[in-house]
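A look at the structure
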Amino acid sequence: MLRIHDLRQAHASWLLFGGADFTAVKNRLGHGSGSTTERYLKRCFQWATS
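All figures in this text were calculated on a predicted structure; none of them were measured in a lab.

1. What about the overall build of the protein chain?
Scanning the protein chain for helices and strands turns up three helices and zero strands. Reading the secondary structure of the protein chain in the N-to-C direction produces α-α-α. Out of the 50 residues belonging to the protein chain, those deemed buried represent 24%. Restricting the contact set of the protein chain to residue pairs at least 6 apart, pairs at least 24 apart contribute 34%. Working note: accessible area of the protein chain is about 3700 Å², and carbon and sulfur atoms make up 59% of it.

2. Examining the pattern of salt bridges
Tallied over the full model, the rule gives one salt bridge. Across the salt bridge formed by aspartate 6 and arginine 3, the nearest N and O atoms sit 2.7 Å from each other. Since its relative accessible area comes to 9%, aspartate 6 is described here as buried. Classification of arginine 3 as partly exposed rests on a relative accessible area of 47%.

3. Points about helix α2 (residues 22–29)
Regarding α2, the residues found buried are Val25, Lys26 and Leu29. Take α2 and look down its axis: the buried residues cluster within an arc of 100°, on one side only. Of the residues in α2, the exposed ones pointing more than 90 degrees away from the buried face are Asn27 and Arg28. Measuring from the side-chain oxygen of the N-cap residue of α2 to the backbone nitrogen of threonine 23 gives 3.2 Å; that N-cap residue is aspartate 21. Looking one or two residues past α2, glycine 30 carries a phi angle of roughly 80°, positive in sign.

4. Some points on the confidence of the model for the protein chain
On average, residues of the protein chain score 84 in pLDDT, and 88% of them are at 70 or above. The lowest-confidence element of the protein chain is helix α3 (residues 34–49), averaging 76 in pLDDT; the highest-confidence one is α2, averaging 91.

5. So, the nonpolar core
Formed by Ala12, Val25, Leu29, Tyr40 and Leu41, the largest nonpolar core amounts to five residues. Of all the elements in the fold, those that place two or more residues in this core are α2 and α3. Setting aside residues no more than four positions away along its own chain, alanine 12 makes contact with Val25, Leu29, Tyr40 and Leu41.

Rules behind the numbers
Residues numbered from 1 in each chain as written. Predicted model: local features only at pLDDT ≥ 70, side-chain atom pairs only at ≥ 80, totals over all residues. Heavy atoms only, no water. Helix = DSSP H or I, 4+ residues; strand = E, 2+ residues; numbered from the N terminus. Buried < 20%, exposed > 50% of the residue type's maximum accessible area, 1.4 Å probe, protein only. Contact = heavy atoms within 4.5 Å. Areas by Shrake-Rupley, 256 points an atom, 1.4 Å probe, with all protein chains shown as cover. Salt bridge = Lys/Arg side-chain N within 4 Å of Asp/Glu carboxyl O. Arc of directions from axis to C-beta. Polar contact = N/O pair within 3.5 Å; in protein donor to acceptor, adjacent residues only side chain to side chain. pLDDT = per-residue confidence, 0-100. Core = buried A, V, L, I, M, F, W, Y, C linked by side-chain atoms within 4.5 Å.

See below:
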């Protein structure tokens, strides 16, 4: 079952793989700090490679 959160993760990944700046992705996700975005993307990549 596809969740809205899955689409959010995919969107962030597509932005980064498409060459978007990390800060732009952080802002798009609405994260206040870069460390939040790093944790989020780490989970995203772990999910994608499992």
